[in-house]
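# Commentary on secondary and tertiary structure
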Amino acid sequence: MTTRTLRGFTLVEILVAVAIFMLAMLIATSVFMVATMHQRQTAAGQALQSDIRFAMESIVRDVKYGTIDYDFYTSGSCVSNLCIFKQSKSCAVDTDCILSSLTPQGKVDILALRDVDGNRTRYRVDATQQKLLICKITISTDPLSYCDEMADKNSADYHWPAVTPDNVEMRHGDFYLYPFDDPLTPSNQSAPSSPYLSDSQPRVTFVLNTVQRYPNGGIQQFITSQTTAVSRLYSR
């Protein structure tokens, strides 16, 4: 009678097998985590671009179907020693803010627009809230002081809702106007080359610096966007 001896795995063989299995699992887990992270970053980038596109399309639409509200920049409003339309321009009285021409850069901090019915729209980037804000004035019911950016943010007199969602920070925004002289205003020169102050169609170039931040701080997407919108309103 023949006796067969059954052999199992030795301890060394088991340890080698476990080590190989753990290494394979570690590699697979790392690949999965990297793929998940890239997927989340891609989704975050697409969401941020969508939010920025919505904000930019809002401005483009208001410029395209309206025009620059030149009265806002030539009426002269000095608040806390700063012209309300250009926060970097100091002033002592309202007349210091009345401009016959804009700086070479054409840069303003508040974009003032009006539509064909005379309704006003204001855009600005609030450095404290880090949001793109909008205020709309219905000329038939609201006074021009309705968009008071100096009003308490917690009061009923503050009418500046955010265009961008809470998880999007607007770090900086610049608006550039051209021309500054209203092309619908007759020239007061004795022998003007044109009967109007300007023959250029109003247009606005704006640059927005945006970051999307998640509560855990794990993902940040930075995007700088720029575009130019030309007014289609022509009423000469």
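Structure report, in brief. (Residues numbered from 1 in each chain as written. Predicted model: local features only at pLDDT ≥ 70, side-chain atom pairs only at ≥ 80, totals over all residues. Heavy atoms only, no water.)

## Regarding helix α1 (residues 11–64)
The α-helix advances 3.6 residues per turn, and as a result positions three or four apart in sequence lie on the same side. Taking 1.5 Å as the rise per residue, α1 with 54 residues should run 80 Å; its terminal C-alpha atoms sit 78 Å apart, in good agreement. When we look at burial in α1, the residues that qualify are Ala44, Gly45, Leu48, Ile52, Ala55, Met56, Ser58, Ile59, Asp62 and Val63. (Helix = DSSP H or I, 4+ residues; strand = E, 2+ residues; numbered from the N terminus. Expected span 1.5 Å × (residues − 1). Buried < 20%, exposed > 50% of the residue type's maximum accessible area, 1.4 Å probe, protein only.)

## Digging into the packing of aromatic side chains
Per the counting criterion, the structure on display carries two aromatic pairs. Seen in terms of ring centroids, phenylalanine 72 and tyrosine 73 are 5.2 Å apart; in terms of plane orientation they differ by 90°. Their pairing is edge-to-face. Like tyrosine 73, phenylalanine 72 is buried. For the cation-ring pair, arginine 124 lies above tryptophan 160, with the distance from its terminal atom to the ring centre recorded as 4.5 Å. (Phe/Tyr/Trp six-rings, centres within 6.5 Å; stacked < 30°, edge-to-face > 60°. Lys NZ or Arg CZ within 6 Å of the ring centre and 35° of its normal.)

## A closer look at the pattern of salt bridges
Counted according to the given criterion, the structure contains eight salt bridges. Two residues, aspartate 174 and lysine 107, come together in a salt bridge whose shortest N-O distance is 3.4 Å. A residue pair is termed long-range when its members are at least 10 positions apart, and aspartate 174 in strand β9 (residues 168–178) and lysine 107 in strand β5 (residues 107–108) qualify at 67 residues. Note on aspartate 174: relative accessible area 10%, which makes it buried. Lysine 107 sits in the partly exposed class, given a relative accessible area of 27%. Connected through salt bridges with shared partners, the residues Asp69, Asp71, Arg120 and Arg122 form a single ionic network. (Salt bridge = Lys/Arg side-chain N within 4 Å of Asp/Glu carboxyl O.)

## Section: the state of the cysteines
What the rule picks out here adds up to one disulfide. The disulfide partner of cysteine 135 is cysteine 147, and the gap between their sulfur atoms is 1.9 Å. For the disulfide bridge between cysteine 135 and cysteine 147, the dihedral angle about the S-S bond is near -90°, and by the sign convention the bridge is left-handed. With cysteine 135 in strand β8 (residues 131–137) and cysteine 147 in the loop between β8 and β9, this pair connects stretches of sequence that are 12 residues apart. Comparing cysteine 135 with cysteine 147 shows no difference in burial state: the two are buried. (Disulfide = S-S within 2.5 Å.)

## Some words on the pairing of strand β7 (residues 120–126)
Burial runs high along β7: seven of the seven residues are buried. Burial along β7 is two-sided: Arg120, Arg122, Arg124 and Asp126 and Thr121, Tyr123 and Val125, pointing in opposite directions, are all buried. The pairing of strand β6 (residues 110–115) with β7 spans five bridges and is antiparallel. By the bridge assignment for β7, arginine 114 is matched with arginine 120. In this structure, the hairpin formed by β6 and β7 is closed by a connection of four residues, where glycine 118 is found at a positive phi of approximately 90°. Bridge count between β7 and β8: seven bridges; the pairing is antiparallel. Paired with arginine 124 across the strands is leucine 133, a residue of β8. Counted along the chain from β7 to the antiparallel partner β8, the turn is four residues long, and its residue glutamine 130 has a positive phi close to 55°. (Pairing = 2+ DSSP bridges.)

## A look at the layout of surface pockets
For the second largest pocket, the calculated volume is near 230 Å³. If you go around the second largest pocket, you meet 15 residues; those closest to its centre are Phe72, Ser77, Ile84, Leu144 and Ser145. (1 Å grid on protein atoms, 1.4 Å probe; cavity = no way out; pocket = protein on both sides within 12 Å on 5 of 7 lines; lining within 4 Å. Points joined across faces, edges and corners; volume = space filled by probe spheres on them.)

## Points about the nonpolar core
Among the nonpolar cores identified, the biggest contains 31 residues, and Ile59, Tyr73, Leu111, Tyr123, Leu132 and Phe175 are the most heavily contacted of them. When residues of this core are traced back to their parent elements, those giving at least two are α1, α2 (70–74), β6, β7, β8, β9, β10 (203–213) and β11 (220–230). Here this core gets six residues from one element, more than from any other, and that element is α1. Of all hydrophobic cores here, the second largest spans seven residues; its members include Leu133, Ile137, Cys147 and Trp160. (Core = buried A, V, L, I, M, F, W, Y, C linked by side-chain atoms within 4.5 Å.)

## A short note on the sheet that holds β7
Paired through backbone hydrogen bonds, the strands of a sheet run either parallel or antiparallel to each other. In spatial order, the strands read β1-β6-β7-β8; together these four strands make up an open sheet with antiparallel pairing. The outermost strands of the open sheet, each flanked by one partner alone, are β1 (66–68) and β8. Strand after strand, the sheet turns through a mean of 25° between neighbouring axes, direction not considered. In the packing of α1 onto the sheet, contacts are made with β1, β6, β7 and β8, and the angle to β1 comes to roughly 90°. (Axes fitted to C-alpha atoms, helices over the stretch in contact; angles between N-to-C directions. Contact = heavy atoms within 4.5 Å.)

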